[in-house]
Amino acid sequence: MKDKICLNRRQFLLTGGTAIILSTLPGIATPISLEKKDYPKKKIATLSLLKQDEPVNFQYPPEAHPELCSNFIVKLGEIAGGGVGSHQDIVAFNYFCTHMGGPLQGQYKKEHKAIGPCPFHLTTFDLTRHGMVIAGHATESLPQIVLEVEGNDIYATGVMGLIYGHHTNR
Ligand code: FES
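Residues numbered from 1 in each chain as written. Predicted model: local features only at pLDDT ≥ 70, side-chain atom pairs only at ≥ 80, totals over all residues. Heavy atoms only, no water.

## Let's talk about the pattern of salt bridges
Put simply, the rule is: Every case where a carboxyl oxygen of Asp or Glu lies within 4 Å of a side-chain nitrogen of Lys or Arg is listed as a salt bridge. Secondary structure elements follow DSSP: runs of H or I no shorter than four residues count as helices, runs of E no shorter than two count as strands, and numbering proceeds from the N terminus. Partly exposed residues are those whose accessible area sits between 20% and 50% of the maximum for their type, while under 20% is buried and over 50% is exposed, using a 1.4 Å probe and protein chains only.
In this structure the tally under the stated criterion is seven salt bridges. For Lys 43, the salt bridge identified is with Asp 153, shortest N-O distance 2.9 Å. Separated by 110 residues along the polypeptide, Lys 43 in strand β3 (residues 36-46) and Asp 153 in strand β12 (residues 153-160) bring together distant segments of the chain. By relative accessible area, Lys 43 is classed as partly exposed at 41%.

## Focus: unusual backbone geometry
Following Tyr 60, the chain continues to Pro 61 via a peptide bond in cis, the omega torsion being -10°. Within the secondary structure layout, Pro 61 lies in the loop between β4 (56-59) and β5 (70-75). In the segment running from Gly 116 into Pro 117, the intervening peptide bond is cis, with an omega of 5°. With respect to the helices and strands, Pro 117 occurs in the loop between β8 (114-115) and β9 (124-126). Phi angles above zero are rare outside glycine, and Asp 53 is one such case at about 65°. One non-glycine residue, His 130, lies in the positive phi region at around 60°. Within the element layout of this structure, His 130 appears in the loop between β9 and β10 (132-135). By relative accessible area, which is 5% here, His 130 ends up buried.

Next up, the structure:
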């Protein structure tokens, strides 16, 4: 029995955990899975210290390719897929573009709740919709860090999607 299912765009946007998207080339629909990978739980921020639209950097997961495991957490001020906190507006993502690894530090756009354009080929990612591509060359969403809140502490527990430079997320 197959253990993967295909979701349409709307279903994907409404689904947490393991998400599956369809990559559509002309005449071809190829399922691409954005697998959630659990990593050791790590405190990455303090809830009461986050300020809206001010990204805070952190490293996660702790193993393998540490130079590519640079991430940010941001309070968007509006509900977001995978968002935590009382307003479900706190999200975290990896900083490296899924196209060719362009660095996205400093590219957060508070007016659009997006990050980009990537300095290499101009991809921009929507942070309210699991890091989906808004425009540009990338075809895969920005890897989203899975978050948990316990009291005033925010923890990273896993990654949804493949961090650039990694061959597998399993
Ligand atoms: S590396 Fe970011 S768009 Fe190409």
